[in-house]
Amino acid sequence: MASNQTKDILGISNVSWHSNCESYLLFHGETSLGNGFRAFLYLLGLAYCFIGLSAITARFFRSMEQVVKHTRQIVEKDPLTNAELIRHEKIWNYTIADITLLAFGTSFPQISLATIDAIRNLGNKYAGGLGPGTLVGSAAFDLFPIHAICVVVPKSGSLKKISDIGVWLVELFWSFWAYIWLYIILKVWTPDVVTVWEALLTVLQFGLLLLHAYAQDKRWPYLSLPLPRTDRPVEWVPEESQNIKNSECECDDSSEILQADEEQDMNIVDIFSIHSDIVTGPAYRQVPDSDMEESSNSNFAGQSSLQLAYVLSVWRQQFLDAIALESSESRKMNSIFMRIGNIFWQLVLLPWRFLFAFVPPYHIAHGWIAFIWSLIFISGIAYIVTKLTDLISCVTGINPYVIAFTALASGTSWPDLVASKIAAERQETADSAIANITCSNSVNIYVGIGIPWLINTTYNFFKYREPLYIQNASGLSFSLLVFFSTSIGCILVLVFRRLTLGAELGGPRLWAWVTAIFFIFLWLVFVVLSSLRVSQIL
């Protein structure tokens, strides 16, 4: 049975620590059930929330890809013929898209969980433990298990290497510095205390990461490393995986959780688009002045009506797909048991699928509306997860910090795993797969911990004229030291693979699996040592 001191250390004020926990999730009658049965139900609910995260991840990636593919139209004049040329160029820089849309978006479950935990603890002089514990545990899950999966994903014998080593080194530096900075705050600069200025500096360093990575990508003098860059794909997803026939897609989020593409009619443009056809990469076409004027005046109203009708039909199809228990692929299964199993799985996913069907189609506003709505749903699931974690800790006596950097970190890191796996499968290089891991770890600290601490420290400063106390700093700082030590081993293996095999991912199947097993071993070392340390402290 945990003590009140433990309760204060973790910053959890809404949990009763008696043998029969008086807190409940849905109705008061839960408290009359046995603690063992309640723990089973809450763990089941936690697992179901993680399934929901995986389902919304599918829509999140479709919207993110649409955002990244957005191009702008530039009209230029040919100096020789004086004819007007229309050029389409991408709005998003490749590197910035990886750090912001990809890394920030996939880390949003952890960020929202930490922010919710901070808001719950407003008025408490001690920082909550769920947020930092989840984010540090997520960093370990990203670096070790996700790297392990990405190494074995490429087909046997195929190699995928980082094309822009300079950008990766910059991202890696800021990833390592993030955890060094966090340790300095906790144990060196102001031990066991976080001030407003420390929290603000933590958040601002995310902007420095963006600036430095962009400078390296553009090879700015004095701010970039003079390292060569090999060819890299223009698209986040290769073009061949984008051209999906209409008859081959039923927009089934549940059966295609790892599928990042959706049915597209290439003749239909975004309803807020400024160009008249969808292109991948820079493109030029000659357009006479008369044609431009006629097309802009006579076709605008007709195109707008057609686009609106198309978007509404897609949105309607989302709801039809949500309640469909069998897809065309499952009907082709020869085994009746596989079909029954598939139908059962669709029934399990039905509530999530129907709920997420309310997310607007990604065709609107270049995917931005669907992107934002997906993040809102992720935040809602994160709130339920925090409540379930409190209850599981309450009825089992397991320290919430241990639950945070194990179960919560693994479950909320699912979007990170999906993103890196898709990139490792479809891209010709390993840039986005590995960049998502390193950048997500940076985002976890600079944004995921920085913003919640900024909220708490600002409130405490005006309310109590005092800083924010971190009484579990010893356990958190020890986890940081273990993570830092094991992460060096992970990076050394990647460097060794680059020097010997010529690539970070793939290669001979035996060595790929040996690498993956070693990464999983490092993750287990982190989890075991961190858990033992927390047990000793508390």
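Structural data are supplied above this passage.
(A) A look at the pairing of strand E1 (residues 71–77). Where E1 lies against strand E2 (residues 84–90), seven bridges are found, and the strand directions are antiparallel. The residue bridging Arg72 from the neighbouring strand is Glu89, located in E2. Once E1 ends, the chain turns through six residues before running back antiparallel as E2, passing Asn82 with a positive phi of about 65°.

(B) Spatial organisation of unusual backbone geometry. In the Ramachandran plot, Asp192 falls in the positive-phi region, its phi being about 65° despite a non-glycine side chain. Within the secondary structure, Asp192 sits in the loop between helix H6 (165–189) and strand E4 (193–194). The exposure class of Asp192 is partly exposed, given its relative accessible area of 32%. The backbone of Arg219 shows a phi angle near 60°, a positive value even though the residue is not glycine.

(C) Fine view of helix H13 (residues 400–412). Taking 1.5 Å per residue, 13 residues should reach 18 Å; H13 reaches only 15 Å between its end C-alpha atoms and comes up short. At Thr406, H13 shows its maximal bend, which comes to roughly 25°. The buried fraction of H13 is high, at 10 of 13 residues. Looking only at H13, the buried set comprises Pro400, Tyr401, Val402, Ile403, Ala404, Phe405, Leu408, Ala409, Gly411 and Thr412.

(D) How the structure looks around a nonpolar patch on the surface. Judged by side-chain polarity, Leu33, Phe37, Phe40, Leu41 and Leu44 come together as a nonpolar surface patch covering roughly 460 Å² of accessible area. With respect to the element layout, Phe40 can be found in helix H2 (residues 35–68). We classify Phe40 as partly exposed; its relative accessible area is 48%.

Analysis parameters
- Residues numbered from 1 in each chain as written.
- Predicted model: local features only at pLDDT ≥ 70, side-chain atom pairs only at ≥ 80, totals over all residues.
- Heavy atoms only, no water.
- Pairing = 2+ DSSP bridges.
- Helix = DSSP H or I, 4+ residues; strand = E, 2+ residues; numbered from the N terminus.
- Buried < 20%, exposed > 50% of the residue type's maximum accessible area, 1.4 Å probe, protein only.
- Expected span 1.5 Å × (residues − 1).
- Bend = angle between axes of the 7 residues up to and from the residue.
- Patch = residues over 30% accessible without salt bridge, like charges linked within 9 Å, V, L, I, M, F, W, Y side chains within 5 Å.
- Areas by Shrake-Rupley, 256 points an atom, 1.4 Å probe, with all protein chains shown as cover.
- Salt bridge = Lys/Arg side-chain N within 4 Å of Asp/Glu carboxyl O.

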